[in-house]
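Here are the chains, one letter per residue:
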Amino acid sequence: MDLLIGALLGLGAFLIGILGNLVASEFYDRAPTLAHRLVELAVRQLSEEDRPRYREEWLAHINECPGKIGMLLHAAGCVLGASSIARQRALALAGSQQNSRSNHRREGRLLNLIKTRMFLATSLLILLVASVLLYAFVSGRVYHLYSDEALIRMINNAAAREVSEGRVTHASLNSPEQQPLPINPMIIRISAERGSKKTEAFLKFLSESEQKN
Amino acid sequence: MSDDVRLSQQGLKVLRFLMETPREGRSGAEMSKATKVGSGTLYPMLARLENAGWLTSEWEKIDPSEEGRPRRRFYRLTAVGQNSARKALGDLQMTAGELVWTS
């Protein structure tokens, strides 16, 4: 009985050995095909645009692998590495899209800045031209009204120069101790001809202020 | 493109290999064979370095149908890559096939 069991075990081992050898041999023969299939599996993990490149590159690599096991190892590596490459590409794409969006925002801000600057430059040019025209065509004295802060500064610091250059009628307010005139701060600068209602009102206002002080 | 590339020991091996012939393109198979870095690590690394502008790659100039095999892709260090690789390898010395920090 023991002999029979031993013989059966021996036969089984023999058969398993042969079968294993056959499987290994078959596997070894099919290794290149299997490697190609693994590469194809790896390539499928990549984006459409990356597939042709890596398919050709990895198949070329297979041809240079030493031995069939080497081919399989390379192909298995490709399967493992493909997801990493796909992830990198996706991140790079997301990054470039984000950059593109931020570039658009930056361009928008730049455009707004340019528009603002152009608006300011145009406004200043118009004001300059208007001032020149005013000085050229208005006869008589020109009265300048400043905001409270500007008036105080003018009185305290540079009264003589500004008065002489600007022909400012309220030069009479030349004492640094003068209280600020209650001039509407919104009125930065107006000009008027002598004899006009505005000028008369202003002169009246100035004399009243002087009398009060 | 970014200079912010983290390099592993295997990455440094690959860079060192490419630095040996900076003007010559090397295929992935050559690099893998010389540095013993497997494909699963090598190709993602090459893609990362290429994205970062350290490497440039081009196809082998052959006609695959004539040669009866697919074209290889050759990788080469860019000027930025050479400078960065030199810097990265600056503190290292190669001894008996292993990388050792000098400081």
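### Thoughts on the sheet that holds strand 2 (residues 55–59) of chain B
Residue and element names in this part refer to chain B. Spatially, the three strands line up as an open sheet ordered 1-3-2, and their pairing is antiparallel. The open sheet has two edge strands, strand 1 (26–27) and strand 2, and neither has a second partner. In this structure, strand 1 lies alongside strand 3 (residues 73–77), joined through two bridges in antiparallel fashion. Among the inter-strand pairings, Ser-27 is bridged to a residue of strand 3, identified as Phe-74. Most of the contacts of helix 3 (residues 39–51) go to strand 2, to which it runs at about 110°, and overall it touches strand 2 and strand 3.

### Quick look at helix 3 of chain B
Residues and elements named next belong to chain B. Over its 13 residues, helix 3 runs 18 Å from end to end, which matches the ideal 18 Å to within 8%, given 1.5 Å per residue. Buried residues of helix 3: Ser-39, Leu-42, Tyr-43, Pro-44, Met-45, Leu-46, Ala-47, Leu-49 and Glu-50, and no others. Looking at the residues trailing helix 3, positive phi occurs at Gly-53, about 85°.

### With respect to the interface of chain A and chain B
Opposite the 18 residues of chain A that make contact, chain B presents 21 residues. Interface area, chain A with chain B, both sides summed: about 1600 Å², of which 54% is carbon and sulfur. For the interface between chain A and chain B, the tally reads three salt bridges. One salt bridge in this structure joins Arg-72 of chain B and Glu-64 of chain A, with 3.4 Å as the shortest N-O distance. The interface formed by chain A and chain B contains 11 residue pairs in polar contact (both at pLDDT 80 or more). Among the elements that line the side of chain A that touches chain B, the one with the most residues is helix 3 (residues 51–64) of chain A, at 10 residues. Of the residues belonging to the side of chain A that touches chain B, the class tally is six nonpolar, seven polar and five charged.

### Comments concerning the state of the cysteines
Disulfide: a covalent bond connecting the sulfur atoms of a pair of cysteines. All names here are of chain A. By the definition in use, this model includes zero disulfides over all chains. Residue Cys-65 stays outside any disulfide, its sulfur separated by 8.3 Å from that of Cys-78, the closest cysteine. Under the relative-accessibility criterion, Cys-78 is labelled buried at 1%.

### So, the environment of Gly-70 of chain A
On the secondary structure map, Gly-70 of chain A appears in helix 4 (residues 67–137). Put simply, Gly-70 of chain A and Pro-32 of chain A are 38 residues apart on the chain and 9.8 Å apart in space, counted from C-alpha to C-alpha.

### Topic: the pairing of strand 3 of chain B
Residue and element names in this part refer to chain B. Most of strand 3 is tucked away, with four of its five residues classed as buried. Alignment of strand 2 against strand 3, held across five bridges, turns out to be antiparallel. Within the sheet, the bridge partner assigned to Trp-59 lies in strand 3 and is Arg-73.

### Observations concerning the environment of Phe-17 of chain B
Inspection of the secondary structure puts Phe-17 of chain B in helix 1 (residues 9–20). Apart from residues lying up to four places away in sequence, Phe-17 of chain B is in contact with Arg-26, Glu-30, Met-31, Ala-34 and Thr-35 of chain B.

### What to know about the confidence of the model for chain B
Residues and elements named next belong to chain B. For chain B, mean pLDDT is 83; residues scoring 70 or higher make up 83% of the total. Here residues 98–103 scores under 50 on pLDDT; set against residues more than four positions off or in separate chains, the count is 16 contacts. The complex model carries a pTM of 0.55, and its ipTM stands at 0.84.

### Quick look at the side chain of Asp-50 of chain A
Residues and elements named next belong to chain A. Inspection of the secondary structure puts Asp-50 in the loop between helix 2 (31–43) and helix 3. We classify Asp-50 as buried; its relative accessible area is 10%. Side-chain polar atoms of Asp-50 contact the side chain of Arg-89, separated by 3.1 Å.

### Points about the side chain of His-74 of chain A
Position of His-74 of chain A among the secondary structure elements: in helix 4. Contacts of His-74 of chain A, omitting those with residues within four sequence positions, involve Trp-58, His-61, Ile-62 and Cys-65 of chain A together with Ser-39 and Tyr-43 of chain B.

Rules of the game
- Residues numbered from 1 in each chain as written.
- Chains lettered and ligands numbered in written order.
- Predicted model: local features only at pLDDT ≥ 70, side-chain atom pairs only at ≥ 80, totals over all residues.
- Heavy atoms only, no water.
- Pairing = 2+ DSSP bridges.
- Helix = DSSP H or I, 4+ residues; strand = E, 2+ residues; numbered from the N terminus.
- Contact = heavy atoms within 4.5 Å.
- Axes fitted to C-alpha atoms, helices over the stretch in contact; angles between N-to-C directions.
- Expected span 1.5 Å × (residues − 1).
- Buried < 20%, exposed > 50% of the residue type's maximum accessible area, 1.4 Å probe, protein only.
- Buried area = accessible area lost by both parts, 1.4 Å probe.
- Salt bridge = Lys/Arg side-chain N within 4 Å of Asp/Glu carboxyl O.
- Polar contact = N/O pair within 3.5 Å; in protein donor to acceptor, adjacent residues only side chain to side chain.
- Nonpolar A, V, L, I, M, F, W, Y, C, P; charged D, E, K, R; others polar.
- Disulfide = S-S within 2.5 Å.
- pLDDT = per-residue confidence, 0-100.

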